[in-house]
Amino acid sequence: MKKCLFASTTHGNIARDALDQIKVCALNNVTMDIVNGDRVGVIGANGAGKSTLLKVLAGIYHPTRGAVHASGRRSALLDITLGFNPEATGRENIILRGMYMEIHPRDMRARVDEIVEFADLGAYIDMPVRTYSEGMMIRLGFAISTCVPPEILLMDEWLSAGDDRFLNKAQRRMEDLLDRSSIMVLASHSLPLLQKWCNRGVLLQKGHVAAVGDIMDVIAVYTGIPRFGRGRRLSANPSVDLATDGEGARRMSR
């Protein structure tokens, strides 16, 4: 099964090509601008293209047509255990994961003590990560992924695994990262979470942008519950641009 990003098909997001192979057009003609100060909530049903959009913005996937322009250090909290070597120790994986994040091993070594303290894995930090529980993997992955404040923060759902003590600590760090980042894009099914943290919304339907605008207005379109007393107009033909203008305002562009 092949994912075709930003393809031109108009027959939905699943089709067959000339060789009778199934093709999934995960995103189609997605264009939007995301500027400094935006906190964007990405909404949609399962399979709408939310995670794919985040991976495109993070540079993990590349569009088959068009481009994504980004200026600023991006941090993608999509799969925070990605890049772990199960045979390496937790301490060794800190350096390995840092290389995946494009942080030089020398710079990562300077952060090891802080990461070890935050993850709070005790003696397990010097044991192979194949011996870790899922919660321990998440703690280490989160501590590594958030060790450098991003300018552009990309998140797929919100951290919800781990014990209460760690979750409280992680919540405080996430709030600090949000305060210090210029742009945040969060894909989530939790509407209260999006209402709390986002000021703009993007509604995806089968890989297409169905609406973009104020987060409360986009949620109203998604739920079908009208937002009375507001006369905002939603755009269903938006633009994605991550560039920097002359004054240093960061944006995202296609």
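Residues numbered from 1 in each chain as written. Predicted model: local features only at pLDDT ≥ 70, side-chain atom pairs only at ≥ 80, totals over all residues. Heavy atoms only, no water.

Re the sheet that holds strand β8 (residues 152-156)
Okay, so step 1: Reading across from one edge, β7-β8-β9-β5-β10-β11 is the order of the six strands in this open sheet, with mixed pairing throughout. One side of each edge strand has no neighbouring strand; the edge strands of this open sheet are β7 (74-77) and β11 (208-214). Across the sheet, the mean angle from the axis of one strand to that of its neighbour is 15°, orientation sign disregarded.
Okay, so step 2: Relative to β11, strand β10 (residues 200-205) is paired through six bridges, and the arrangement is antiparallel. Within β11, the position partnered with R200 by the bridge is D214.
Okay, so step 3: Each of β5 (39-43), β7, β8 and β9 (183-187) touches helix α6 (residues 164-180); the most contacted strand, β8, lies at about 135° to it. (Pairing = 2+ DSSP bridges. Helix = DSSP H or I, 4+ residues; strand = E, 2+ residues; numbered from the N terminus. Axes fitted to C-alpha atoms, helices over the stretch in contact; angles between N-to-C directions. Contact = heavy atoms within 4.5 Å.)

Some words on the layout of surface pockets
Okay, so step 1: When its volume is computed, the largest pocket comes out at roughly 650 Å³.
Okay, so step 2: Contributing to the lining of the largest pocket are 23 residues, with A58, R74, A76, Y100 and M101 lying nearest its centre.
Okay, so step 3: Contributions of two or more residues to the lining of the largest pocket are made by α1 (50-58), β7, α2 (90-100) and β8.
Okay, so step 4: Here the lining of the largest pocket gets three residues from one element, more than from any other, and that element is β7. (1 Å grid on protein atoms, 1.4 Å probe; cavity = no way out; pocket = protein on both sides within 12 Å on 5 of 7 lines; lining within 4 Å. Points joined across faces, edges and corners; volume = space filled by probe spheres on them.)

Topic: the pairing of β5
Okay, so step 1: Burial of β5 is extensive: five of the five residues sit out of reach of the surface.
Okay, so step 2: Burial along β5 is two-sided: the face carrying R39, G41 and I43 and the face carrying V40 and V42 are both buried.
Okay, so step 3: When β5 meets β9, the two strands line up parallel, connected through four bridges. Note that in β9 the partner of R39 across the bridge is M184. (Buried < 20%, exposed > 50% of the residue type's maximum accessible area, 1.4 Å probe, protein only.)

So, the confidence of the model for the protein
Parts of the prediction with low pLDDT should not have their coordinates interpreted in detail.
Okay, so step 1: Here the protein averages 81 in pLDDT, and 78% of its residues register 70 or above.
Okay, so step 2: Counted against residues more than four places away or in other chains, residues 1-11, with its pLDDT under 50, gives 42 contacts.
Okay, so step 3: Counting interchain partners and residues more than four positions distant, the pLDDT-below-50 stretch residues 242-254 has 66 contacts. (pLDDT = per-residue confidence, 0-100.)

Re the packing of α2 against helix α4 (residues 112-119)
Okay, so step 1: In contact at an axis separation of 11 Å, α2 and α4 are set at 120° when each is read in the N-to-C sense. By the angle class used here, α2 and α4 are oblique. Crossing of α2 against α4: the hand is right-handed. Residues R91, I94 and I95 of α2 form the contact with α4, whose own contacting residues are V112, I115 and V116.
Okay, so step 2: For the contact of α2 with α4, a count of residues per class yields five nonpolar, no polar and one charged. (Parallel < 35°, antiparallel > 145°, perpendicular 65-115°, else oblique. Left-handed = near helix turned anticlockwise from the far one by under 90°. Nonpolar A, V, L, I, M, F, W, Y, C, P; charged D, E, K, R; others polar.)

Considering the packing of aromatic side chains
Okay, so step 1: Applying the stated criterion across every chain, the model contains four aromatic pairs.
Okay, so step 2: For the pair F142 and F166, a centre-to-centre distance of 6.0 Å together with 85° between the ring planes defines the contact as edge-to-face. With F142 in helix α5 (residues 134-145) and F166 in helix α6, this pair connects stretches of sequence that are 24 residues apart.
Okay, so step 3: With a relative accessible area of 2%, F142 lands in the buried category.
Okay, so step 4: Grouped by ring-pair contacts, the aromatic residues F118, F142 and F166 constitute a single cluster.
Okay, so step 5: In this arrangement the basic side chain of K169 is found over the ring face of F118, its NZ or CZ atom lying 4.7 Å from the centre. (Phe/Tyr/Trp six-rings, centres within 6.5 Å; stacked < 30°, edge-to-face > 60°. Lys NZ or Arg CZ within 6 Å of the ring centre and 35° of its normal.)

As for helix α8 (residues 215-223)
Okay, so step 1: For α8, every residue scored as buried is listed here: I215, D217, V218, I219 and A220.
Okay, so step 2: Buried positions along α8 lie against β5, α7 (191-197), β10 and β11.
Okay, so step 3: At the N-terminal boundary of α8, the capping side chain belongs to D214, with an oxygen 2.9 Å from the backbone nitrogen of M216.
Okay, so step 4: One or two positions beyond α8, positive phi appears at G224, with a value near 80°. (Polar contact = N/O pair within 3.5 Å; in protein donor to acceptor, adjacent residues only side chain to side chain.)

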